[in-house]
Amino acid sequence: MSDRPQHFSGEVWRIHEFGPPEVMMLEHITTSTPGTDEVIVRVHAAGVGPWDGWIRSGNSALPQPLPLILGSDISGEVVAMGSDVDHLAVGDQVYGVTNKRFCGGYAQYAAAKASMLDRKPPSIDYVAAASLPVIAVTAWQALFDQAGLMQGQTVLIHGAAGNVGAFAVQFAKSAGLNSICTASSEDIERVRSLGAGRVIDYKAALFEDEVHDVDAVMDFVGGESQTRSFKVLKRGGMLISAVSKPDQMLAERHEVTAGFFLVDVSTESLRRISDLLNENALEVNVGLTLPFEQARDAHLMLEGQLPQPKGKIVLVTDPA
C-alpha cells in the first residue's frame, strides 16, 4: 500500500449550527487519507434515521462538535484503507456505520471506522444495506445482548411495525422466542407476516389488560407505553428501551430490571445480520429512496413537515 496521501473530492451534507432542516448545507469538500483504523468508502447509499434529526437539532446524547457531516448508516465500496485495517480490502463492497458519533455518512466519500463495517451480503443491494445497520443491530442487541433472552421465553415488543421493531419480531422468531407485539390495526397483518406470535391493536385495547408475566419488554416507543409496561413483567423480568431511560423507582416497585442502551455497531454485530440475510431469513423494508441532493427533504419528513413513509428512508448517491 502506498504511503502517498490520497484525496477524494465530493459533496456532503454539513451543518455549522444546530437547528431545523434548513441549517443543512450541501457543500463540496475533500476527504483526505484515512486514519490507521479507518477506510474511505465511496458511498452508494446512506440511511436516514431519527437520530440524524436529533444530532442536527442539537439533541444528541453524545458530544457533537461543529461543523459536522450528518448521517451514519452507509453502504458502498472501499477506495482507501488505513495501515491497521486487516479484515477489509480496497474494492470490497461494505455496509455499516461511520463512527461512534453517528456522523459523516451523508457524503459521496465517507471516512468510517473499519471496526464498524462488514462486507455487504451479495443477497441485498446497496440501498437495502444502507437501511440496516443501526436499526437491525439495535433490535438484536436489545433482545440478546441487553435482555439475554433465550429460546422459549416470552417477550413483549412495542412498536413492532416500526423500523427497529420489525427486526426484533423477526429475530425473536428465528431464536424461538414467544413474541407478543403491539401495533396499529393497519399494521397487524404485516407484523404477523414477520413472525409475531400474537399482535395487539394498541388503539383498541390496553395491552396491560391482556398481557401478564412476560420475561422481557422491548420498548421501541417510549412514553406512557414504557411506563405501563412494568405491569406486564414477571418478577425478575427486564424492560429494555432504545428510546429513553426507564423509571428506576417503578422498576424497584415491580421487582424488575430496567435499562436504556445506545446501540454499539461493530463488524461482529453486523456479521450476525449478514448471516441471516445470506440465509434469506430477514425481510428488509425500505420505505423511500431519495436522491442524495434531497437529504433536506428527508429531514423534513423526520420532522413531520412532509409525509413520512413507513420503512427506512435511504439517500442514493452518485459520486463523481
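Source: prediction; values computed, not measured. (Residues numbered from 1 in each chain as written. Predicted model: local features only at pLDDT ≥ 70, side-chain atom pairs only at ≥ 80, totals over all residues. Heavy atoms only, no water.)

Participant: Describe the sheet that holds strand S2 (residues 25–31), naming the residues involved and giving the relevant values.
Facilitator: In spatial order, the strands read S2-S1-S4; together these three strands make up an open sheet with antiparallel pairing. Each edge of the open sheet carries a strand with a single partner, namely S2 and strand S4 (68–69). (Pairing = 2+ DSSP bridges. Helix = DSSP H or I, 4+ residues; strand = E, 2+ residues; numbered from the N terminus.)

Participant: Tell me about the packing of helix H3 (residues 133–146) against helix H4 (residues 163–174), residues and numbers included.
Facilitator: Geometry of a packed helix pair, given as the angle between the helix axes and the separation of the axes. Running from N to C, H3 and H4 cross one another at 50°; their axes reach a closest spacing of 8 Å. Classed by the angle they form, the pair H3 and H4 counts as oblique. H4 is crossed by H3, and the crossing has right-handed handedness. Facing Ile135, Ala136, Thr138, Ala139, Trp140, Leu143 and Phe144 of H3, the residues of H4 in contact are Asn163, Val164, Phe167, Ala168, Phe171 and Ala172. (Axes fitted to C-alpha atoms, helices over the stretch in contact; angles between N-to-C directions. Parallel < 35°, antiparallel > 145°, perpendicular 65-115°, else oblique. Left-handed = near helix turned anticlockwise from the far one by under 90°. Contact = heavy atoms within 4.5 Å.)

Participant: Can you lay out unusual backbone geometry for me, pointing to particular residues and giving the numbers?
Facilitator: Note the cis peptide between Leu66 and Pro67, where omega equals -5°. Along the chain, Pro67 falls in the loop between helix H1 (50–57) and S4. Phi at Phe102 is positive, roughly 60°, even though this residue is not glycine. By secondary structure assignment, the location of Phe102 is in the loop between strand S6 (93–97) and strand S7 (109–113). Judged by its relative accessible area of 13%, Phe102 falls in the buried class. Unlike most non-glycine residues, Glu255 shows phi in positive territory, near 55°. Assignment of secondary structure puts Glu255 in the loop between helix H8 (248–253) and strand S14 (257–260). (Buried < 20%, exposed > 50% of the residue type's maximum accessible area, 1.4 Å probe, protein only.)

Participant: Now, about the nonpolar core: what can you tell me, with residues and values included?
Facilitator: Tyr106, Ile157, Phe171 and Met218 are the most contacted members of the largest nonpolar core, which totals 85 residues. For this core, the leading source of residues is H3, giving nine residues. Two domains each donate at least three residues to this core, and these are domain 1 (8–133 + 264–316) and domain 2 (147–260). With sequence-adjacent residues up to four places away left out, Met218 is seen in contact with Ala142, Leu143, Ala147, Leu149, Val155, Leu156, Ile157, His158 and Ile240. Of all hydrophobic cores here, the second largest spans 15 residues; its members include Ile180, Val211, Phe230 and Val232. (Core = buried A, V, L, I, M, F, W, Y, C linked by side-chain atoms within 4.5 Å. Domains from an automatic or database assignment.)

Participant: Residue-level account of the side chain of Glu38, with values.
Facilitator: Along the chain, Glu38 turns up in strand S3 (residues 38–48). With no salt bridge to any partner, buried Glu38 finds its closest opposite charge in Lys113, at an N-O distance of 4.5 Å. A distance of 2.8 Å separates a polar side-chain atom of Glu38 from the backbone nitrogen of Gly35. Filtering out sequence-adjacent residues up to four positions away, Glu38 remains in contact with Met81, Gly82, Val85, Ala111, Ala112, Lys113 and Ala114. (Lys, Arg positive; Asp, Glu negative; His and termini not counted. Salt bridge = Lys/Arg side-chain N within 4 Å of Asp/Glu carboxyl O. Polar contact = N/O pair within 3.5 Å; in protein donor to acceptor, adjacent residues only side chain to side chain.)

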